[in-house]
Amino acid sequence: MRRFTIALCCLLAFCGVPRADELGTADSSATDSLGWSDQWTMSRAGGASQWFEIRGTGNRNNPLRRKLEKTFDGDQIFVRFQLRYDAASIDTPDDGNGEFFVLWLDENDGGDSAGHNGGVPNVGIHVNGKTNAFMARFSSSSESFGDVPLQGDRVYNVLACLSRSNPGSGHAFDQLSVWIDPKITDAAKPAIRCTSKDAIRTVNWIGFSSGQKTEPSDRISVSELSLAATWLESFGLKPDVKLVRDPAPPPPPAVVSTTPTVDFANDVYPILSQHCFGCHSGDDPESGLRLDHYDELLNHVSPREAGSSPLVLLVESKDPDKQMPPPDGTAKPLSPDQIAVLRRWIDEGVTWDHQQLPTPILKSDHWAFQPITLPEITLPEPPSSNRHDQARTPVDSFIFRKQESLGVMPADSADWPTLQRRIALDLTGLPPSAFPGLDQATSHEQLDQWIDQLLSSQAYAERWGRFWLDLARWAESNGHQHNRPRPHAWRYRDYIIDSFRTDKPYDLFILEQIAGDELPGSSQSLAATGFLAAARYSGNELDKEIQRNDILVDVVNTTAQTFLGMTMECAQCHTHKFDPITIRDYYRFQAFFTRGQPGNLLLTKDAPDAKLWIDARQQLFDSVHTRLVDNKRRSGVPDPVLVIPKSVVSGMNSKERQAFQDLEDAIATAPQVWGWSGADSETTVAPHEMRWPLPHDRAALGKQKTYLRIRGDVKAVGPEVRPGWPAAFGPTPGSVSSRTDLAEWLVSRDNPLTARVWVNRIWQWHFGRGIVETSGDFGTQGTPPTHPELLDWLAGELIESGWSTRHIHRLILRSSTYRQSATFSQSNFDVDPECKTIWRWVPRRLESEAIRDSILAVAGQLDRTAGGPSVADDNDISSFRRSVYLQQQRERIPESLTLFDSPPALSTCSRRRTSTVSLQPLYLLNSDFMQSAGIAFADRLRQSTDKDQSAAVAVRLALGRDATDDEIARLNEFLDQNSIESMCLALLNLSEFLYMN
Amino acid sequence: MPMTKNHRNWIDRRSFLYGSGLGVGAMAFQSLACASEAKPNVVHHTATASSVIVLFMSGGPSQVDTFDPKPDLDRLEGKDVPESIAATIPKIKRAGIKNLMRSPWAFHEHGDSGIPVSELFPCVANHVDDLCVIRSMQHDNPVHGPGECVALTGTAAGNRPSIGSWSLYGLGTANENLPAFIAMNLHTDGMQFPQGAGWGSGFLPSGFQGTIVDPSTGIRHVTMPPQTTDQQRMDQLELIRWFNDRHLKQSGDLSELKARLDSYETAFRMQTSAPDLFDLAGETQQTQDLYQLENPQSKTVGKACLLARRMVERGVRFVQVRVGGWDAHGNIKANHSKMASRTDGPIAGLLSDLKQRDLLKSTLVVWAGEFGRTPTMEGRGNGRDHSPAGYTTWMAGGGVKGGQIIGATDALGYVAVERPVSPHDFHATILHALGIDANRLTYNHHGRDEVPTVFGGESIQEIFG
């Protein structure tokens, strides 16, 4: 008699709904009056479960088995059940006994005593050496055990997955994986795996077997046997088969082709040429409006919308001030027929005869676009000066020559303490006192050696990497109003710092940042793509086309300006008014980036776990999303039905939410970076938090095309364009398509800008002003170089040195020019008031990071921990790490940084400004940060010296030099009435402390 | 050019200790905001305003529920937008054309001008004869963040200077003891993160950016640490001055270093003048009542509005009060009622107070959001979606001819059809009131002479009567 029944919860659709058999002891035929009506009523909240209790017979027996509704012929099937042994039932194998109990999946039933072995998958308990262990097997020769020994009085959740290594009907179910007490994140980590050459080819029956080792006194309980087709389903999560993503990605805008009824050459050209070209053609057209140039003409029409085309509005206008051709001019007005032709031509898509009217290639004789020419290095002839003796690197010869031609004399070398402090601050953003054991240099050679040491230090990389982060408009949040954090963005910052520390060749540095995801194998550098991904990204944008285009515009502008020193943004709407960049050039450049987007990229190349977590999370999310959308639609909400991710999570049931949270937690532990991945690159993308994220659909991303957007309007779609660089730099070969191709062109010998722009930036960061002052604009509106030959010579040195940034640093820092004092000369000033010839060192204020870091260093508070996630700076004194590690969330950049002109990380920043406002002294005198620094500085003095020496030591620490006698006297006078803390705070406010002198 | 102050005794103990150097405009200092880079004041024509208060209603107040009554919505409730109007709606997401929704509020005509205002704003309604209501604002960005950037900087990217920064750049400061451009962000607990670009300086020197002020705590770091006495601070400043003078001489008289010297002087005075600004104890009960400071709903905005008046009184050029929370996607009735209860009394109080102090004529008061809302219902939630195609703003004071309406939307309030006004026009109008021609105020950035209204704004001349 059956005392218990089992709940076979069949989750597969074809298995039908869960069903509980009748439960009871009564033999209904024996008693008419006593019995049960209907099934047990069970609480929805649970609280009761149904178990089978199984005993052995001492022989092979199949006490429980069940047929599937339909033969299973898919490629993978999950079976799950709960298993419990009474502790008293368990015999240890030492007794020569042990336990045996399995679940099998087979083609046939085979009857009560069938063996279900030899290619039949078994999952259960068997003797393994001296233990009873969980086992998976197909036969005794293909048998595997897990590490988990069987314990009594304990419920195990056993999950098995049977699958085909070779998918498709008729192939063997030859792979068996078993999990014991699995978590949703364990998909890639089964406890047992087993394979077999020979195995069943369909599944029809599932049952339990006991054997000779299973005794009549054994108490084995099983329950909750269920089937599932997917991993998620085996956890009771039921993803809808039909997945609807939110919102559906828009189909790429297509330029519909209709059969034209208007012929450009015969119908349109005569009208334009007779009525318009008189004024509106050629290089200097009336009002700058040119109609014989296809790219420019496109800006005056709206293809397929004649009615809203400015050109049509003008020729149809009755207003004599607007009407074209002008009524008082020589050209005749257009006839209604001619206007009709123009209208049809526009409505049919604006065809063009490129043979008849080819698009002229813009050429430019602007200096920056000419090839780099390597100048000869010559020094001024004696006896005009003693400059020969002063020249320390070729840099000096260029500087001296210009100075001599203007009659300007360079300043003498600065004193050693000044130079040592200048070099320390310039290279590391820290004062010399931050380098324990450093002796006062007394020769140029000693400084040279020290420079070499600093150039490979972490401190150098932390300062110079920050300059690069300005260019990359790098931040750790999306910006715009939701401004969600990017918790993995810090890895790009660390990539940059590492690159500077190791003097990564600049050409490779570019390649990795532009195309790190495309690079093969171990050279892949996903962290580097944080450069592209640092673009802002609006989470509240429902229009996916606008959302994507905004990002692309940001990427194009930043890339062009950072590497080429070109301001391309004007050409987004119209051909550049000054530089040889057309609107077509702009969108061709954009086309390099169109088939990619930002996201969290997994860094571990082999991360099967994380991939499975991400897939499971996505499926679970999508299924709940679909359910919620369907519910809303059913309740009458009109399309488009929009459900934000947050609502999806709150719409999950408790089981779903738990699984979702487990998956999210697991995914968050996987190393990843906020980077850029192209449709063709081998990357795994983890989800990111966003109100309306870009759809993550690699296939759709791969189909993205690039169109010229007329007047920069996303909705005004012009012709499709292929990737290419601006035509003024020569033709783009047809084979060019990838970002790798773009990066290779950027550093090719044909490109005159990349090397010039980079050496100029290095020069700017050393001297405060570039050889080209507008370091982000080498176009015709930028300033010309003060020393063009020097610029080219440095650019040549960069390339010849294998793109070594360190080499350029050395050339500059070893020069006499760099080592001048700040001594003022009225006669020089009269000739060159702006000091463009660099006749002295011009003191300049430290950047915000160097100010904060120097204060911390002098106060003895600086925490030099390198790398890792950024640290919060909520109340100024929560972290004393270097400023480059403070959290850089847009709109929330720490006050200590923004107050001293840190950029807001919205667009690329080539050069910081120096503002001088009264809020700065308030901060430097009154803030908690400064109070804390003043106290720490004073403590440091007390611990290291006697009170009568504290003034001298304080000056040494803060200013890197010995105090003069009158300074000592002045400070001691101050200390008569005031505390050491008060003096320390004052010293940290000195101009000399805050300036690089 | 910067005045040199070499001949003046920098340290004057009395002026430091008793803050006597507070006279508004007493000294022809260069801009506090940017001592080293400020241009001389630019005046292209006679200014009608010397200060601006922008009341920025973030989230998008609905035009058809406030200042732009559309009786047709009552008739067409539940219907779709007729094709004739639907065809004119710019192709932007969120521009729903199904299920028109009537306004939950009735409109009444007010004042001599008879300008209709909905029952949402019973207090501001009393001031309509001072308001110039612009019903035809229009742009094309339906998203809060970029929309706010468009409304306050002219472009969605938010990388250009804010209108406040341009104003300050053109005008310079009138009181070097206070920041000349102050921004207060209120009720920011909602979805719309305040956009830094709205008070940022873009490519202008950062000294022209707005200073963020919390109405309850004032300007940051303006208070000396409690353990520091005036005497100690005096001694510190003298010591700093002693060293900095030497450094200045060694550095060849850099103007930037001179500006640093000045900034310490100003900072010290600010320590006195800023707390005074935020100390409302001197305001009469009557004045405090005017701003509804006792009402828990309105006290936050009320305090900011009162501070705005005090700032303007002290020569602050540009005050921006941002009130978040107008984003009524669902249940517009509850949302806008709450927002009105927060703002209506204080704004009316500000207008009254400015007027009674004769400050309204020199203070341009601007009320605007980043966009308006659709006349249709969004989903089924009794709310409205974002709509930049036609929305309402108003200006008052500062030479504005009150009691007039400029522009019009279509019969449903969806699209501006008469005299469309772009945010660039709006900015040019603000600058015009300040005596600045937006096309002639230039700043050289990367070799280009940039102007405030790069996308072609023209001031709305009829606003000034």
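Above this text is the structure in question.
Let me sum up the structure you'll find in this document. Since this is a predicted model, take the numbers as computed values, not measurements.

### Remarks on the overall build of chain B
If you tally the helices and strands in chain B, you get 11 helices and 16 strands. Looking at the 465 residues of chain B, the share that counts as buried comes to 63%. For chain B, the accessible surface area stands at approximately 16,300 Å², while carbon and sulfur atoms represent 49% of it.

### A look at the overall build of chain A
A count of helices and strands for chain A gives 31 helices and 21 strands. Considering only C-alpha atoms, chain A reaches an extent of 125 × 100 × 50 Å along its principal axes. Residues counted as buried form 57% of the 997 residues belonging to chain A. For chain A, the exposed surface amounts to about 40,500 Å²; the carbon and sulfur share of it is 50%. The average position of the 102 basic charges and that of the 129 acidic charges among the side chains of chain A differ by 3 Å.

### Focus on the environment of Gly111 of chain B
Residues and elements named next belong to chain B. Position of Gly111 relative to the elements: it lies in the loop between β2 (107-110) and β3 (115-118). The exposure class assigned to Gly111 is exposed, which follows from its relative accessible area of 53%. Taking the C-alpha atoms as reference points, Gly111 and Met377, separated by 266 residues in sequence, lie 32 Å from one another. Setting aside its immediate chain neighbours within four residues, Gly111 contacts Val128 and Asp129.

### Some thoughts on the pattern of salt bridges
Residue and element names in this part refer to chain A. Under the defined criterion, the tally for this structure stands at 79 salt bridges over all chains. Across the pair Glu849 and Arg466 runs a salt bridge whose closest N-O atoms are separated by 3.7 Å. Taken together, the residues Glu849 in helix α24 (residues 848-858) and Arg466 in helix α9 (residues 458-471) connect sequence positions 383 residues apart. The pair Glu849 / Arg466 is uniform in exposure class, with both members buried.

### A short note on the environment of Asp86 of chain A
All names here are of chain A. For Asp86, the position within the fold is in the loop between β5 (76-85) and β6 (101-106). Residue classification places Asp86 among the partly exposed positions, given a relative accessible area of 25%. Separated by 545 residues in the primary sequence, Asp86 and Asn631 have C-alpha atoms spaced 46 Å apart. Among all residues touching Asp86, those that are not within four sequence positions of it are Gly152, Asp153 and Arg219. Here the side chain of Asp86 touches Arg84 through a polar contact of 2.6 Å, side chain to side chain.

### Some points on the sheet that holds strand β17 (residues 685-686) of chain A
Residues and elements named next belong to chain A. If you walk across this open sheet you meet the three strands as β16-β15-β17, and the pairing is antiparallel. Strand pairing shows two members of the sheet lacking a second neighbour, β16 (672-678) and β17, which therefore form its edges. Here strand β15 (residues 596-602) pairs with β17 via two bridges, running antiparallel. Following the sheet pairing, Asn600 is matched in β17 by Ala686.

### So, a nonpolar patch on the surface
A cluster of nonpolar side chains, Trp36, Trp40 and Met42 of chain A, forms an exposed patch at the surface whose accessible area comes to about 410 Å². Relative to the helices and strands, Trp40 of chain A is located in the loop between β2 (19-20) and β3 (51-54).

### Structural notes on the pairing of β3 of chain B
Residue and element names in this part refer to chain B. Burial of the side chains of β3 extends over both faces: Ile115 and Val117 are buried on one face and Pro116 and Ser118 on the other. One ladder, built from four bridges, connects β2 with β3; its direction is antiparallel. Residue His108 lies in a different strand from β3, and its bridge partner there is Val117. Between β2 and β3, which pair antiparallel one after the other, the connecting turn spans four residues, and Gly111 there sits at a positive phi close to 65 degrees.

### Considering the packing of aromatic side chains
Residues and elements named next belong to chain A. Across all of its chains, the model carries 64 aromatic pairs over all chains by this definition. When the ring of Tyr492 is compared with that of Tyr495, the centres are 6.2 Å apart and the planes differ by 25 degrees; the resulting orientation is stacked. In this pair, Tyr492 and Tyr495 both sit in helix α10 (residues 490-501), three residues apart, roughly one turn of the helix. Note on accessibility: Tyr492 and Tyr495 belong to one class, buried. Taking the ring centre of Phe173 as reference, the NZ or CZ of Arg164 above it sits at 4.3 Å. In this arrangement the basic side chain of Arg864 is found over the ring face of Phe435, its NZ or CZ atom lying 5.8 Å from the centre.

### Topic: the side chain of Asp554 of chain A
Residues and elements named next belong to chain A. By secondary structure assignment, the location of Asp554 is in helix α13 (residues 544-564). For Asp554, a relative accessible area of 12% gives the class buried. Within the structure, Asp554 has its side chain in polar contact with the side chain of Arg473 (distance 2.9 Å). If we skip the residues at most four places from it in the chain, Asp554 touches Arg473, Ala535, Arg536 and Leu906.

### Observations concerning the interface of chain A and chain B
Every contact between the two is made by 71 residues of chain A and, on the other side, 72 residues of chain B. Here chain A and chain B share an interface that buries about 6,100 Å² over both sides, 55% of which is from carbon and sulfur atoms. By the criterion of area lost to chain B, the three top residues of chain A are Gln481, Arg913 and Thr916 of chain A, representing 11% of everything that side buries. At the junction of chain A with chain B, the criterion picks out three salt bridges. Between Arg246 of chain B and Asp966 of chain A there is a salt bridge, with its nearest N and O atoms 2.6 Å apart. The interface formed by chain A and chain B contains 21 residue pairs in polar contact (both at pLDDT 80 or more). Only α26 (919-926), α29 (965-977), α30 (980-987) and α31 (991-994) of chain A provide two or more residues apiece to the side of chain A that touches chain B. The element that contributes the greatest number of residues to the side of chain A that touches chain B is α26 of chain A, accounting for seven residues. Grouping the amino acids of the side of chain A that touches chain B by side-chain chemistry returns 24 nonpolar, 28 polar and 19 charged.

Definitions and cut-offs
- Residues numbered from 1 in each chain as written.
- Chains lettered and ligands numbered in written order.
- Predicted model: local features only at pLDDT ≥ 70, side-chain atom pairs only at ≥ 80, totals over all residues.
- Heavy atoms only, no water.
- Helix = DSSP H or I, 4+ residues; strand = E, 2+ residues; numbered from the N terminus.
- Buried < 20%, exposed > 50% of the residue type's maximum accessible area, 1.4 Å probe, protein only.
- Areas by Shrake-Rupley, 256 points an atom, 1.4 Å probe, with all protein chains shown as cover.
- Lys, Arg positive; Asp, Glu negative; His and termini not counted.
- Charge placed at Lys NZ, Arg CZ, Asp CG, Glu CD.
- Contact = heavy atoms within 4.5 Å.
- Salt bridge = Lys/Arg side-chain N within 4 Å of Asp/Glu carboxyl O.
- Polar contact = N/O pair within 3.5 Å; in protein donor to acceptor, adjacent residues only side chain to side chain.
- Pairing = 2+ DSSP bridges.
- Patch = residues over 30% accessible without salt bridge, like charges linked within 9 Å, V, L, I, M, F, W, Y side chains within 5 Å.
- Phe/Tyr/Trp six-rings, centres within 6.5 Å; stacked < 30°, edge-to-face > 60°.
- Lys NZ or Arg CZ within 6 Å of the ring centre and 35° of its normal.
- Buried area = accessible area lost by both parts, 1.4 Å probe.
- Nonpolar A, V, L, I, M, F, W, Y, C, P; charged D, E, K, R; others polar.

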